[in-house]
Amino acid sequence: MKMNLLGNGAIAMGAIAAGVKFAAGYPGTPSTEILETLKSSEYSKNIHIEWSANEKAAVEAGAGAAYSGMRTLVTMKQVGLNVASDPVMCLAYIGIKGGMVIAVADDPGPISSQTEQDTRSFGAYAHLTVLDPSSPEEAYKMTKYAFELSEKIGRPVILRPTTKVCHASATVDVSDEIHDYTPEGFVKDPKWVIFPPLSYKRHIENFKMYNSIASEKCKYNNVETVPDTDKGIVTGGVTTAIVTDVLESLGVKVNRLTIGRPYPFPVSETEIFAETAKDILVLEELEPFIEENLQRLIKTPLKGKYSEHVPAAGELKYENIESIICGFLGLQTPETPSAKLNVTLPTRAPVLCAGCPHRASFYAVKLASKGKKAVYCGDIGCYTLGNAKPLETTDTCLCMGGGITVAQGIKTSNPDTDVFAFTGDSTFFASGMTGVANAVYNKHNITICILDNRTTAMTGGQPHPGTGVTITGEETVHIDIAKVLTALDVGFVKECNPFDLENAVKTVTEAALYNGVSAIVFKAPCIAVSKKPCTYEVSDCIGCKRCINELGCPAISLSSGKAVIDPVMCYGCGICETVCKPGKIHKIGGVRS
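Just so it is clear, the structure is predicted and the values come from calculations on it, not from any experiment.

Enquirer: I'd like to hear about the environment of glycine 95, residue by residue, with values.
Expert: Residue position: glycine 95 is located in the loop between helix 4 (78–94) and strand 5 (100–105). Linking glycine 95 and glutamine 78, residues 17 residues apart in sequence, is a C-alpha distance of 22 Å. Sequence-distant contacts of glycine 95, defined by excluding residues within four places in its chain, comprise Tyr67, Gly154, Arg155, Trp192 and Arg202.

This is the structure we're talking about:
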């Protein structure tokens, strides 16, 4: 049957067709919709699906299922692979029994990530096969193939879609046949215990196996030769689809090498291609992975990232690929008619939502530390936007969970400074608890601010261990963050509602004065998971602009020098009413909770 699917949906349906029985991951754009599609599928009742506490936990749980013969899917984005790298690297040595596919979505741009890292390079480093789909249709087929290949070679296989593939929509021909099998279950065997002598042996085996695979033909590596031209273009992933469109639009044909399995790098296809193509352009996103491997096999000078024919970073879009190809072929770049607006569009900077509790939390900390030397260490999530004016309460941001531990180093080197570490509730469970333990154990004098908005907001509102519900909506244990902090021997732990500004400021002040590790859990739900209680309006504004300058709420703007509140955008949090010293802001409907 034909289905209109996102690329992520196509990966999920491919896994279903392959007979996946265990699926785990941690939400992260652009990979999130893979598990969301599995969850909403009619086949979900036959699959264990979970949002794990983090990517490492997802891989390790998936490994146990794969040891037992289940076909297993694990999902994450490219920075999540850093978290999962320890078990992933070990699985390349220890192996699996049931097919295991690790879907890692790369984010050229980057559009919504800290880094532009390239999973193909990690696959080669870890000695794990990497498949690189060029479209949702190919992602569906590759996912099925990945499970088959994984079982054949007894190792996990990495599927590496990029943002354009993950979020492209296409009509995919989905099979109504599902691979049927009965997992053997876990069979005790010394091979499941990783020891140095076994790793040494497996390293040799892996080298020989992947060298053999590199010489075998793969249906996702293709060579097209064209007579009467020595021009050749090499592509992988989504650039393959774009190059096809560009060449068709230009009405030209060249020799082409398409690499859908970048690791192990194809040897036979490269040799065939090099017989005809002598002037070669390599088009790929992120690292020059194909370029480097191609240059290793052939002596022909290449045009690519190293020669600066191709940008070293960012997405390769239709327009710049067209320009690069035209330059390569000596053609005039076509003039594309475009509709031009006669107005200058305003800049739309990222901003915390109107009614976001994080704004109130940041504001409370800022008020409590006013006039003092203070450093604010941020983390990955919506609350990274605390760096913007007028809040300016994010001085550092490194990686998930890093805020708590970075704060410890800053406090050690700046003992006369109050150091605050902000982290979200989902991030706390994913990678924050270790930093808390480190702070307590090493007696670091910092204040940890946990912004508990009851969801994983940045990636679309997924549940986590503190929400009391699983991905399938099943009720489960609600892990209490304050109790976890107390169990970790944090000396000062208090909860507060950030919208109760007076009490919140008082709590922050007490926490900052505490000698040792202190923690505040700011508890208020994200506007996406709570009902709008009321709205506010401004009457007889005197134009002091305090609400604008202090909060930066997108629902408040100026009209003829007076503050006005957009009733559609206003979520009724009430923090503006507290901030307005002249008392010109008041509630106009509902009951504030």
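Enquirer: Give a description of the side chain of threonine 456 that names residues and reports values.
Expert: Along the chain, the position of threonine 456 falls in the loop between strand 16 (447–452) and helix 16 (481–487). For threonine 456, the contacting residues outside a window of four places in its chain are Tyr26, Pro27, Ser426, Gly461, Gln462, Pro463 and His464.

Enquirer: Lay out the packing of helix 9 (residues 238–250) against helix 12 (residues 318–329) with the relevant residues and their values.
Expert: Two elements in contact, helix 9 and helix 12, have axes whose closest approach is 10 Å; the angle formed by their N-to-C orientations is 60 degrees. Between helix 9 and helix 12, the interaxial angle falls into the category oblique. Crossing hand, helix 9 versus helix 12: right-handed. On helix 12, the residues touching Thr239, Ile242, Val243, Asp245, Val246, Leu247, Ser249 and Leu250 of helix 9 are Tyr318, Ile321, Glu322, Ile325 and Cys326. When grouped by side-chain class, the residues that make up the contact of helix 9 with helix 12 number nine nonpolar, two polar and two charged.

Enquirer: Could you give an account of the domain arrangement of the protein chain, with specific residues and numbers?
Expert: Partitioning the protein chain into structural domains gives domain 1 (2–215), domain 2 (221–329), domain 3 (357–529) and domain 4 (535–588). Centre-to-centre separation of domain 1 and domain 3, based on C-alpha positions: 32 Å. Between domain 1 and domain 3 the total buried area reaches about 1,100 Å² when both faces are included, carbon and sulfur atoms providing 64% of it. Summed over the three residues of domain 1 that lose the most area to domain 3, namely Tyr26, Trp51 and Gln114, the buried surface amounts to 41% of that side. Inspection of the domain 1/domain 3 interface yields zero salt bridges. Put simply, domain 1 and domain 3 have three residue pairs in polar contact (both at pLDDT 80 or more) between them. Contributing elements (two or more residues each) for the side of domain 1 that touches domain 3: helix 2 (33–40) and strand 3 (48–51). Here the residues of the side of domain 1 that touches domain 3 are counted per class, giving six nonpolar, five polar and three charged.

Enquirer: Any details on the sheet that holds strand 7 (residues 157–159)? Residues and values, ideally.
Expert: In space, the six strands of this open sheet follow the order 3-2-4-5-7-6, with parallel pairing throughout. Edge strands, defined here as strands with exactly one partner in the open sheet, are strand 3 and strand 6 (130–131).

Enquirer: How would you summarise the pairing of strand 17 (residues 492–496) if you had to cite specific residues and measurements?
Expert: Bridge count between strand 17 and strand 18 (residues 518–523): five bridges; the pairing is parallel. Within strand 18, the position partnered with glutamate 495 by the bridge is valine 521. Taken together, strand 17, helix 17 (residues 501–513) and strand 18 form a β-α-β motif whose crossover is right-handed.

Enquirer: Tell me about the sheet that holds strand 18, residues and numbers included.
Expert: Taken together, five strands build an open sheet; the order of strands is 14-15-16-18-17 and the sheet is parallel. Across the chains shown, the open sheet's two edge strands, defined by having one partner strand only, are strand 14 (374–377) and strand 17. On average, adjacent strands in this sheet sit at an angle of 20 degrees to one another, irrespective of strand direction. Strands strand 14, strand 15 (418–424), strand 16 and strand 18 of the sheet are contacted by helix 13 (residues 357–368), whose axis makes an angle of about 160 degrees with strand 16.

Enquirer: Before we move on, could you go through the state of the cysteines and cite the residues and values that matter?
Expert: Inspection of the entire model under this criterion finds zero disulfides. Cysteine cysteine 570 is unpaired, with the sulfur of cysteine 576 as its nearest cysteine sulfur at 6.1 Å. What makes cysteine 570 buried here is its relative accessible area of 7%.

The rules behind these values
Residues numbered from 1 in each chain as written. Predicted model: local features only at pLDDT ≥ 70, side-chain atom pairs only at ≥ 80, totals over all residues. Heavy atoms only, no water. Helix = DSSP H or I, 4+ residues; strand = E, 2+ residues; numbered from the N terminus. Contact = heavy atoms within 4.5 Å. Axes fitted to C-alpha atoms, helices over the stretch in contact; angles between N-to-C directions. Parallel < 35°, antiparallel > 145°, perpendicular 65-115°, else oblique. Left-handed = near helix turned anticlockwise from the far one by under 90°. Nonpolar A, V, L, I, M, F, W, Y, C, P; charged D, E, K, R; others polar. Domains from an automatic or database assignment. Buried area = accessible area lost by both parts, 1.4 Å probe. Salt bridge = Lys/Arg side-chain N within 4 Å of Asp/Glu carboxyl O. Polar contact = N/O pair within 3.5 Å; in protein donor to acceptor, adjacent residues only side chain to side chain. Pairing = 2+ DSSP bridges. Right-handed = clockwise from strand over helix to strand, strands pointing away. Disulfide = S-S within 2.5 Å. Buried < 20%, exposed > 50% of the residue type's maximum accessible area, 1.4 Å probe, protein only.

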